[in-house]
Amino acid sequence: MHELVIRGGTVVDGSGEVPRTSDVAISGGRIVEVSDDVGAGRRELDADGLLVTPGWVDIHSHYDGQALWDPLLETSSAHGVTTVVMGNCGVGFAPVRATDRAWTIALMEGVEDIPAAVLEEGLGWGWESFPEYLDALESAPHAIGIAAQLPHAALRVFAMGERGIDHAERPTEAEIGLMGRLAAQAIEAGAVGFTSSRSRNHAASDGRLTPSYSAGDAELLGIAEAIGRTGKGVFEINVDTADVEGDLALMRRICEVSGRPLSMGLLQRPGQADTFRRVLDGFEAAALEGLEMWGQAAARPTGLLMSLRGRVNPLAGSPTFQELRAAGDLAQLQRPAVRAHILGDLAGEGNALARFPLAFELGDPPRYDRDRSESLGARAAAAGVDVQGLAYDIIARGGFVYVPVSNYTDGDLRAVHEMLVHPRTVPGLSDGGAHCTMIADFDYPTYLLGYWGRDAPDDMRLPVEWVVKRQCADTAALVGLCDRGRLAPGMRADVNLIDLAAIGSTVPELLDDLPGGGSRLVSRGLGYVVTVVAGEVAFELGEHNGTMAGALARV
Ligand SMILES: [Zn+2]
């Protein structure tokens, strides 16, 4: 008798095959059989009318600290994600010497907007080397699977000492050798990859650019060569694509020297409407030569959520507002006299909205497929009211002002569609665990299925089986997690039972539940009826039942 049978669901197995009605039998944490007659199970789940899919594999998160204190890996686990890959964008907490701990926190705070106070309270620091960090992760309980990558910034500072913090410093040959040995050691111990950043947007909280920002060829290729000798591991790199040819050339060399796959965050940045196409052309050309380069595509325009207590707040330029916020007296915002006073303050400098050409009321349910005619500016003009007042009223009543920054150059989601369907991309960039108070993209997998698999206009809607393959099998394969992402005999039994009609996200909420009382945006995934992790039912209708079947995946 099987331990668990999921009976009569519409199985979307991750292979890209069309959905079919089937049973899924599970024992010993693995899928045993997928067919229309699997025999009885000790426990059976009726999946009639539900999609049965592999759990989502999210390859771009920043749970490097949170994974040590939050067994649920919220909020990814609330969205059907059963494996998160952390350590992206070159930042993380190992290897690290005791003297550099404060600095790695400042870097994570600056790059990923995870408050230093939260990290100081939550990290615990029971490691120095990367293998020791993996052991610390492994010994903490987890409701879902996790996998870690080695971050360049930490490795560089460990090998070069304080000099390594300055990106313009060059390592000696011996230091490059050490970085290579430590990188290979991390991969051999089970890190799934190595990550780096050359983005100007990535700076520590003291303003210094991330240490890998201008790392030279000798350093990057030295590391790549050492990792290549292990025959394992994936590279993730963040570049601004201001110099597409230069960036492509560097990424090619990393792939050539290592023989390993590479991915980079792909965005249509303001002022770079076509750059992503040139990058993808470069990836296609590289693929013809056997070089595996992938773009990580976002599920929607990326941008900011402005809210009353968020770090980016359109009212923050007003001294009156700041006094009220400091005094915890935000109820005053409802008074007409206070409103007039704050809007008066904002009439001059400090208008956060003026920095962005387009802003929208997020609404409930949250909507990201916006038409320019719905912007606050267009609404204010149509109603003959002041746009500042409109923004004030949304913020003051606890709503969100959504500002798409990237992937919205044309005022629609066609560029996002183009990136998602390109043969050299996989879904990524959710940034789960990061940007705590102003970005809530951790629900990308939910959005991918709900919007692109169900709600998108006819000419852009994507087949559900295609969406599932991309978010499960393709992402898992890129990072070398070949034991998951498919519903097939022998695979790890991470499974979602999904009510497609209900799939969606609640409006984000700002909770103060991080260590030390830090704040973060959280939203619930809707439509996830059951999530099974390693063969055990772990979440039912969004509620965790206490099961800790997640584990650190070592490649
Ligand atoms: Zn990132």
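In the block above lies the structure referred to throughout.
Residues numbered from 1 in each chain as written. Predicted model: local features only at pLDDT ≥ 70, side-chain atom pairs only at ≥ 80, totals over all residues. Heavy atoms only, no water.

Moving on to helix α2 (residues 101–112). The first and last C-alpha atoms of α2 sit 16 Å apart over 12 residues, in line with the 16 Å expected at 1.5 Å per residue. Of the residues making up α2, those classed as buried are W103, T104, I105, A106, L107, M108, V111 and E112. Buried residues along α2 sit against α3 (116–122) and α5 (152–160). Phi for D113, located one or two positions after α2, is positive at around 55°. (Helix = DSSP H or I, 4+ residues; strand = E, 2+ residues; numbered from the N terminus. Expected span 1.5 Å × (residues − 1). Buried < 20%, exposed > 50% of the residue type's maximum accessible area, 1.4 Å probe, protein only. Contact = heavy atoms within 4.5 Å.)

Turning to the environment of S22, a few remarks are in order. The topology assignment puts S22 in strand β2 (residues 20–27). Measuring from C-alpha to C-alpha, the distance between S22 and G231 comes to 37 Å, with 209 residues separating the pair along the chain. When sequence neighbours within four positions are dropped, the list of residues in contact with S22 reads I6, R7, G8, G9, V11, V34, S35 and D36.

Turning next to empty space enclosed by the protein. The full count for this structure, using the stated rule, is seven cavities of 30 Å³ or more. Empty space within the largest cavity amounts to approximately 140 Å³. Forming the walls of the largest cavity are 19 residues, and the residues nearest its centre are Q66, G433, A434, C436 and R520. At the level of elements, α1 (66–69), α3 and β21 (520–522) are the ones that each hand at least two residues to the lining of the largest cavity. Among the residues forming the lining of the largest cavity, the class breakdown is 11 nonpolar, six polar and two charged. By volume, the second largest cavity is sized at about 60 Å³. If you trace the second largest cavity, you find 13 residues lining it, with P427, G428, Y444, P445 and Q471 closest to the centre. Those elements that provide at least two residues to the lining of the second largest cavity are β6 (56–58) and α15 (444–455). (1 Å grid on protein atoms, 1.4 Å probe; cavity = no way out; pocket = protein on both sides within 12 Å on 5 of 7 lines; lining within 4 Å. Points joined across faces, edges and corners; volume = space filled by probe spheres on them. Nonpolar A, V, L, I, M, F, W, Y, C, P; charged D, E, K, R; others polar.)

Across the sheet, which stays open at both edges, the three strands sit in the order β14-β16-β15 with antiparallel pairing between neighbours. Two strands close off the open sheet at either side, each with one partner strand: β14 (302–306) and β15 (360–361). The sheet contact formed by β14 and strand β16 (residues 401–406) spans five bridges and is antiparallel. Its bridge partner being in β16, T302 is matched across the sheet by S406. (Pairing = 2+ DSSP bridges.)

Quick look at the pattern of salt bridges now. Side chains bearing opposite charge may pair, as long as their charged atoms lie close to each other. Applying the stated rule across the entire model yields 35 salt bridges. A salt bridge links R163 to E175, with the nearest nitrogen and oxygen atoms 2.7 Å apart. Here R163, found in the loop between α5 and α6 (173–189), pairs with E175, found in helix α6; they are 12 residues apart in sequence, far enough to count as distant. By sharing partners, the salt bridges in this structure join E74, D513, R520 and R524 into a single network. (Salt bridge = Lys/Arg side-chain N within 4 Å of Asp/Glu carboxyl O.)

The coordination sphere of the zinc ion contains the protein donors H60 (NE2), H62 (NE2), C89 (SG) and D431 (OD), at a distance range of 2.1 to 2.5 Å. Metal-centred angles of 79 to 167° between the four donor atoms at the zinc ion mark the site as irregular. Counting along the primary sequence, the residues that act as donors to the zinc ion give the motif H-x1-H-x26-C-x341-D. Of the two residues, H62 sits in the loop between β6 and α1 while C89 sits in the loop between β7 (81–85) and α2, which places them 27 residues apart along the sequence. Among the residues examined, H62 registers a relative accessible area of 1% and is labelled buried. C89 gets classed as buried once you look at its relative accessible area, which sits at 3%. (Donors = N, O, S within 2.8 Å, 3.2 Å for Na, K, Ca; no water. Tetrahedral: all angles 85-135°; square planar, octahedral: opposite > 155°, others 65-115°.)

Between α5 and helix α7 (residues 217–230), whose axes approach to 13 Å, the crossing angle comes to 105°. Between α5 and α7, the angle is such that the two are roughly perpendicular. Where α5 abuts α7, its residues H152, L155 and R156 lie against E219, L220 and I223. Of the residues that constitute the contact of α5 with α7, the class distribution is three nonpolar, one polar and two charged. (Axes fitted to C-alpha atoms, helices over the stretch in contact; angles between N-to-C directions. Parallel < 35°, antiparallel > 145°, perpendicular 65-115°, else oblique.)

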